[in-house]
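Spelled out, the chains give:
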Amino acid sequence: MRQAILDLEESKIREVANAGMGRSDVLAFWFGESDEVTPDFIREAAIDSIRAGETFYAHNLGLPELREAVATYTSRLHPPLGSERIAITSGGVNALMLAMQMLLDAGDEVVAVTPVWPNLTAQPLILGAKLRRVSLQPQAGAWKLDLPQLLDAVRPGTRLLILNAPNNPTGWTLTRAEQQAILEHCRRTGTWILADEVYERLYYEATPTGCAPSFLDIAAPDDRLVVAHSFSKSFLMTGWRLGWLVMPAAMTHPMGKLIEFNTSCASVFTQRAGVAAVQRTEEVTPRVVAHLKACRDRLVPQLQALPGVELARPAGGMYAFFRLEGFGDSLDLAKRLVAEAGLGIAPGNAFAPEAQGWLRWCFASRDPARLDRGVERLAGWLARP
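Attention in this report is confined to the structure presented alongside it. (Residues numbered from 1 in each chain as written. Predicted model: local features only at pLDDT ≥ 70, side-chain atom pairs only at ≥ 80, totals over all residues. Heavy atoms only, no water.)

1. As for the overall build of the protein
Next up, step 1: Along the backbone of the protein there are 13 helices and 15 strands.
Next up, step 2: Against the 2.2 N^0.38 benchmark of 21 Å for 385 residues, the protein shows a C-alpha radius of gyration of 20 Å, consistent with a compact globule.
Next up, step 3: Projected onto the principal axes, the alpha-carbon positions of the protein cover approximately 65 × 55 × 50 Å.
Next up, step 4: Taken over 385 residues, the protein has a buried fraction of 56%.
Next up, step 5: The long-range share in the protein, meaning contacts at least 24 apart out of those at least 6 apart in sequence, stands at 74%.
Next up, step 6: Total accessible area on the protein stands at roughly 15,700 Å², and carbon and sulfur atoms take up 52% of it.
Next up, step 7: Side-chain charges in the protein split into 39 positive and 42 negative, and the spacing between the mean points of these groups amounts to 1 Å. (Helix = DSSP H or I, 4+ residues; strand = E, 2+ residues; numbered from the N terminus. Rg over C-alpha atoms; globule rule 2.2 N^0.38 Å. Buried < 20%, exposed > 50% of the residue type's maximum accessible area, 1.4 Å probe, protein only. Contact = heavy atoms within 4.5 Å. Areas by Shrake-Rupley, 256 points an atom, 1.4 Å probe, with all protein chains shown as cover. Lys, Arg positive; Asp, Glu negative; His and termini not counted. Charge placed at Lys NZ, Arg CZ, Asp CG, Glu CD.)

Given below as structure tokens:
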């Protein structure tokens with residue numbers, strides 16, 4: 001077995017979840033998904049496809065109608081682009097891994113902004129790349145980017161810069177000025193940017209499109225930029241495993257070859273569900289965003305009112321990322337909360353060593369009263385002698 005695989009850390013989020021799964025008394029907020037099921041019309045599109053016998057292979061790059069639908073959807077939010085820049089993938093995780101397989105050789109230098117979802121830092125290591133982290137810095141509970149530090153870290157030998165914004169777990173979001181500075185710097189150094197913009201619609205500040213700032217708004221079509229997306233979050237489709245990539249057109253055909261040797265293609269009936277989702281997005285996403293904003297605004301003040309909690313209201317994403325004064329090891333703390341309070345939240349050190357002592361609470365709850373009950377359990381546990 002390869003040493004790089006043996007050296008991979010197991011998911012600390014899964015470690016906490018495994019300690020509480022099967023217990024009906026645990027309120028679970030550990031995973032990054034809503035507990036609301038996929039809307040009926042999306043499920044019906046997949047059922048209709050199966051009934052029609054669409055159980056065969058599809059084009060490596062995805063159904064032409066889904067690629068067109070995704071291109072149309074993206075063009076409503078950002079400068080227009082064509083389906084020749086779109087590849088359909090078997091989930092957002094697969095999209096990210098495909099992008100890295102396309103761009104990285106063993107020994108290549110990769111810079112990642114952390115804390116971040118652990119897959120983004122594990123995938124370069126799986127491929128034998130050399131990873132360097134540039135950490136966001138907490139300021140009164142909000143995580144901020146030291147832009148000069150990041151630009152200093154990205155040098156002519158840096159092959160890839162990985163950015164996730166809006167960020168899982170912190171909610172940090174790049175500003176347009178920061179994006180412009182990063183793009184211009186990476187043009188000078190010849191560095192590719194891999195932008196994980198899965199949470200772009202889960203953004204709660206006022207913008208013309210309702211989206212967080214995107215690199216697609218400022219990049220040229222042939223810039224060294226790959227943007228990863230997923231149907232999971234804003235379409236309530238986590239279990240469907242469907243995503244897409246936006247890339248320079250010259251990369252698309254080679255990407256199809258690479259998909260062939262990974263998954264061959266996404267399933268047709270899943271892609272039919274994706275067509276329904278993007279074509280009728282206004283029936284889903286605005287409601288999801290409004291509900292998540294209400295959940296955020298319900299949970300965050302309650303947590304902020306607890307003694308010893310350091311937390312800032314996130315501008316994007318679906319997580320409250322907070323620190324409890326007087327506690328050290330996040331994993332130990334999260335396991336104790338499961339065992340002693342019946343509360344399941346993710347440990348901060350699952351996302352980066354610098355997030356030790358922090359906790360991530362997914363506030364995507366179909367029933368907002370669950371959030372209240374969770375805070376009550378945390379408050380009761382903190383008040384114990």
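The discussion continues.
2. Things to note about the nonpolar core
For soluble globular proteins, nonpolar side chains are generally found buried alongside one another.
Next up, step 1: With 106 residues, the main nonpolar core has Ile182 and Trp361 as its most contacted residues.
Next up, step 2: No other element matches helix H11 (residues 285-304), which puts seven residues into this core.
Next up, step 3: Discounting residues that sit within four places of it in the chain, Ile182 has contacts with Leu145, Leu147, Leu150, Leu151, Leu161, Leu163, Leu174, Ile193 and Phe215.
Next up, step 4: Counting residues in each nonpolar core, the second largest holds 26 residues, with Leu104, Ile162, Leu245 and Met255 among its members. (Core = buried A, V, L, I, M, F, W, Y, C linked by side-chain atoms within 4.5 Å.)

3. Digging into the environment of Phe261
Next up, step 1: Looking at the element boundaries, Phe261 is found in the loop between helix H9 (249-260) and helix H10 (268-279).
Next up, step 2: A sequence separation of 124 residues divides Phe261 from Gln137, and the C-alpha atoms of the two residues are 39 Å apart.

4. A short note on the environment of Ala273
Next up, step 1: Residue placement: Ala273 occurs in helix H10.
Next up, step 2: Those residues in contact with Ala273, other than ones at most four positions away along the chain, are Ile42, Ala45, Ala46, Met237 and Trp240.

5. So, the sheet that holds strand E9 (residues 225-230)
The pairing of strands in a sheet happens through backbone hydrogen bonds and is either parallel or antiparallel.
Next up, step 1: In space, the seven strands of this open sheet follow the order E2-E10-E9-E8-E7-E3-E4, with mixed pairing throughout. Strand pairing shows two members of the sheet lacking a second neighbour, strand E2 (86-89) and strand E4 (130-135), which therefore form its edges. With direction set aside, neighbouring strand axes in the sheet form an average angle of 20°.
Next up, step 2: Here E2 pairs with strand E10 (residues 243-246) via four bridges, running antiparallel. Within E10, the position partnered with Ile88 by the bridge is Trp244. (Pairing = 2+ DSSP bridges. Axes fitted to C-alpha atoms, helices over the stretch in contact; angles between N-to-C directions.)

6. Considering the packing of helix H5 (residues 92-103) against helix H6 (residues 119-126)
Next up, step 1: Contact geometry of H5 with H6 gives a least axis separation of 10 Å together with a crossing angle of 40°. For the crossing formed where H5 meets H6, the hand is right-handed. Of the residues in H6, those touching H5 at Val93, Leu96, Met97 and Met100 are Asn119, Leu120, Gln123, Pro124 and Ile126.
Next up, step 2: Residue composition of the contact of H5 with H6, by class: seven nonpolar, two polar and no charged. (Left-handed = near helix turned anticlockwise from the far one by under 90°. Nonpolar A, V, L, I, M, F, W, Y, C, P; charged D, E, K, R; others polar.)

7. Details of the sheet that holds strand E11 (residues 309-310)
Next up, step 1: Strand order in this open sheet of four strands is E11-E12-E15-E14, and the pairing throughout is antiparallel. The strands lining the two open edges of the sheet, one partner per strand, are E11 and strand E14 (346-347).
Next up, step 2: Two elements, E11 and strand E12 (residues 319-324), share two bridges in a ladder whose sense is antiparallel. Within E12, the position partnered with Glu310 by the bridge is Arg323.
Next up, step 3: Taken strand by strand, H11 contacts E11, E12 and strand E15 (358-362), and its axis lies near 5° from that of E12.
Next up, step 4: The sheet contacts of helix H13 (residues 369-382) involve E12 and E15, and relative to E15 the element is tilted by about 155°.

8. Considering the environment of Thr191
Next up, step 1: Locating Thr191 in the fold gives a position in the loop between helix H8 (176-189) and strand E8 (192-196).
Next up, step 2: Of the residues examined, Thr191 reaches a relative accessible area of 1% and is grouped as buried.
Next up, step 3: In this structure Thr191 touches Val154, Arg155, Thr158, Arg159, Leu160, Leu161, Cys186 and Arg224, once residues within four positions along its chain are discounted.
Next up, step 4: Here the side chain of Thr191 touches Thr158 through a polar contact of 2.8 Å, landing on its backbone oxygen.
Next up, step 5: A distance of 2.7 Å separates the side chain of Thr191 from the side chain of Thr189, its partner in a polar contact. (Polar contact = N/O pair within 3.5 Å; in protein donor to acceptor, adjacent residues only side chain to side chain.)

9. A look at the packing of helix H12 (residues 330-341) against H13
Next up, step 1: One can describe the packing of H12 onto H13 by two numbers: an axis separation of 11 Å at closest approach and a directional angle of 100°. Taken as axis vectors, H12 and H13 run roughly perpendicular relative to one another. Only Arg377, Leu378 and Trp381 of H13 make contact with H12, whose side of the interface consists of Leu333, Arg336, Leu337, Glu340 and Ala341.
Next up, step 2: Of the residues in the contact of H12 with H13, the class split is five nonpolar, no polar and three charged. (Parallel < 35°, antiparallel > 145°, perpendicular 65-115°, else oblique.)

10. Looking at the pairing of strand E7 (residues 158-164)
Next up, step 1: Within E7, six of the seven residues are buried, leaving the element largely enclosed by the surrounding structure.
Next up, step 2: In this sheet, E8 lies alongside E7 in parallel orientation, the contact comprising five bridges. When the sheet's bridge partners are listed, Leu160 is paired in E8 with Trp192.
Next up, step 3: Between the parallel pair E7 and E8, the chain is carried across by H8, and the sense of this crossover is right-handed. (Right-handed = clockwise from strand over helix to strand, strands pointing away.)

11. A short note on the packing of aromatic side chains
Next up, step 1: In the structure shown here, the tally under the stated rule is 12 aromatic pairs.
Next up, step 2: On the basis of an interplanar angle of 50° and a centroid distance of 5.9 Å, the ring pair of Trp143 and Phe321 is categorised as tilted. With Trp143 in strand E6 (residues 142-144) and Phe321 in strand E12, the pair connects residues that are 178 residues apart, well separated along the chain. One exposure class covers both Trp143 and Phe321, and it is buried. (Phe/Tyr/Trp six-rings, centres within 6.5 Å; stacked < 30°, edge-to-face > 60°.)

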